[in-house]
Amino acid sequence: MHATAGGSSEPNATEREPLLSRDADDNQSDVSKNYASVDVRTVTLLDPEDEESVNHHVPEHKRQLGPLSAASLIFNRVIGTGIFATPSVILRSSGSVGLSLVMWLLGATVALCGTAVYIELGTGLPRNGGEKNYLEYIYRQPKLLVTCIYAMYAVLTGWQAASCSVFGEYALHAWNPSQPPSPTAARLAGVLCITVALVLHGTMLKAGVRIQNALGLFKLFILVGIAFSGLASLLRLPGFRLVNPPHNFEWGKMWKGSLQGGANAFVTGLFNVIWCFIGYSNANYALAEVRDPVRTIKRAAPLAMLAVTLVYFLVNVAYLAVVDKEEIVGSGRIVAALHFGKLWGVGAERAVSIIVAMSTLGNILAVLFTHGRVVQELGREGVLPFSSIFASNKPFNAPFAGLFEQWLVTSGLVLLVPPGDAYLFMLNLSSYPLAIINTFVSGGLVFIHLPDAWLPTRLQELRASYGWRPPFAAWTAVVVFFLLSNVFLVAVPLIPPSHGYRVYERLPYWLHVLVAWAISLGGVVYWYVWCVWLPRRGGYTLVREWVRDDDGTTRRVVRKVKAT
């Protein structure tokens, strides 16, 4: 292994890499073939400078995202509907105003630790693909096993399904506040939303990015406005004075009721807080399209997450400055609607619906943009069936096939999952796999960070083979804390809910956990069939090679070599 200048390490591209057999053809001559509608050749790398280009060389015309776009990918992914609706759940779980604010700070701490972890991983491996690259780098045996498991999550999980349902509901409510939208109409509106996102990112890349950035700025403007309106109410400025202001911040009342729901309620609330910050790794999926990715991610990710943390905390203070605690806990409405209604009357509800719908649209655009590229990266490496289709950027210079696959799965979930438990189930089904993935990613990084004195000689040699020297390194304590937080997120849904509380109305509380682990098992089965059973039956072995496309980009592909 040789460490590249960027800190990552890859096998020398002059060596073909047999995945499950030592009998692969070791002929070192260049090999031409047609892949993804372009001619590619096996690269012969002769010196360290060439090897560095494997990991970092991307033509400049493909790097279209600057610091603002990278920060927008994170900001839009993190801020969906959570900050508008979740504060009431958190307040109910904590039992008091003071403890709810402490829980938000704990969630921010986990998110900032996760941001540091993904900055280290992103600067060490600045390529498209996100967690796929990190899992492959850390868990190298059996070859392609983690790739197949991750591919199943990437392809089968409808990451935007819950957000599409929310968009449909609030867009139609903004259109006609006097009449609740029918479930069918809300679903169709949600599918229309992700269809618009598909057209933007699949056929008009620059326009889609500009709209995505504009929606990120719109969210920031709105949330800052809510924060300042709350502070203005506290200061009793003209236009923001309340006739009967709440007294949520009086010290005696602020902590009243803490932990009245018990430890189970507190853990559930903390679980929800942490999920409100998920999205700090979103820019890592598209680093090959970011200008100067190492420098950009080191600046854009902390900036975006610090902005989210500050805005989240101030918005919670604003809600509590205007709306009484009991009213927040007892109401089933979005807290932002209560806030606007107290200050400017019930007519402001339409404005709230527009804000939530536009915030959700930004979230859908950001998630579709990045996860479509994950599917493309899996296609570029030959992991998926019909890989040449998924790998292509034709005809609009965008990964339309990967985006379309995400659109198809998401639309299917939105239309087919029955109402009632649909939203929460789709939300949990997209969130829980992230906790599993983050657990393995952070666990592997903890192994890399451990001092030599803590490891036996064999593991020291294994760790040394990684050659891991990224431009940015998170503190080991930060990585361990992030690992423990994700173990918490994986374990909590397995605990039966307290008496009288139901996660779903009709479904068992563990169903999303079962489905997530079943997807993992499906990845293992796919790996065994593709990498073990079919090669044995067909008399060939799978070989992984570096190739360079005609546009200058490099990637690894899997191909069949007849056994000798």
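All figures in this text were calculated on a predicted structure; none of them were measured in a lab. (Residues numbered from 1 in each chain as written. Predicted model: local features only at pLDDT ≥ 70, side-chain atom pairs only at ≥ 80, totals over all residues. Heavy atoms only, no water.)

Novice: Which parts of the structure should I look at to understand the nonpolar core?
Specialist: Among soluble globular proteins, nonpolar side chains are generally buried collectively. With 157 residues, the main nonpolar core has F84, I226, F277 and Y312 as its most contacted residues. Here this core gets 14 residues from one element, more than from any other, and that element is helix α4 (residues 97-124). Apart from residues no more than four positions distant in its own chain, F84 is found in contact with L223, I226, Y319, I334, V335, A336, I355, V356 and S359. (Core = buried A, V, L, I, M, F, W, Y, C linked by side-chain atoms within 4.5 Å. Buried < 20%, exposed > 50% of the residue type's maximum accessible area, 1.4 Å probe, protein only. Helix = DSSP H or I, 4+ residues; strand = E, 2+ residues; numbered from the N terminus. Contact = heavy atoms within 4.5 Å.)

Novice: So what exactly am I meant to see when it comes to the environment of V102 here?
Specialist: Along the chain, the position of V102 falls in helix α4. Between the C-alpha atom of V102 and that of L270, which follows or precedes it by 168 residues, the distance is 9.8 Å.

Novice: What am I meant to see in the packing of helix α3 (residues 82-94) against α4 here?
Specialist: Describing two packed helices takes the angle between their axes plus the distance from one axis to the other. Packing of α3 against α4 brings their axes to within 8 Å, and their N-to-C directions diverge by 120 degrees. One element, α3, and the other, α4, form an angle in the oblique class. The handedness of the crossing between α3 and α4 is right-handed. Across the interface between the two elements, I83, P87, I90, L91 and S94 of α3 pack against V97, L99, S100, M103 and W104 of α4. (Axes fitted to C-alpha atoms, helices over the stretch in contact; angles between N-to-C directions. Parallel < 35°, antiparallel > 145°, perpendicular 65-115°, else oblique. Left-handed = near helix turned anticlockwise from the far one by under 90°.)

Novice: Is there a simple way to explain unusual backbone geometry in this structure?
Specialist: Backbone phi values are negative for most residues with the exception of glycine, while trans is the configuration of most peptide bonds. Here the bond from Q141 into P142 is cis, since omega is -10 degrees, no more than 30 degrees from zero. Position of P142 among the secondary structure elements: in the loop between α5 (131-138) and α6 (145-156). Residue K394 is joined to P395 through a cis peptide bond whose omega torsion reads 0 degrees. The topology assignment puts P395 in the loop between α16 (387-391) and α17 (400-416). Even without a glycine there, the phi angle at R236 is positive, about 55 degrees. Within the secondary structure layout, R236 lies in the loop between α9 (205-234) and α10 (251-254).

Novice: When you look at the packing of aromatic side chains in this model, what are you seeing that I'm missing?
Specialist: Between two aromatic rings, the relevant description is the distance of the centres plus the angle of the planes. Applying the stated rule across the entire model yields 16 aromatic pairs. Centre to centre, the rings of Y280 and F482 are 5.9 Å apart; their planes meet at 75 degrees, and the pair counts as edge-to-face. Here Y280, found in the loop between α11 (262-276) and α12 (293-322), pairs with F482, found in helix α20 (residues 476-491); they are 202 residues apart in sequence, far enough to count as distant. On the accessibility criterion, F482 (1% relative accessible area) is buried. Taken together through their ring pairs, the aromatic side chains of Y118, Y134, Y280 and F482 make up a single cluster. (Phe/Tyr/Trp six-rings, centres within 6.5 Å; stacked < 30°, edge-to-face > 60°.)

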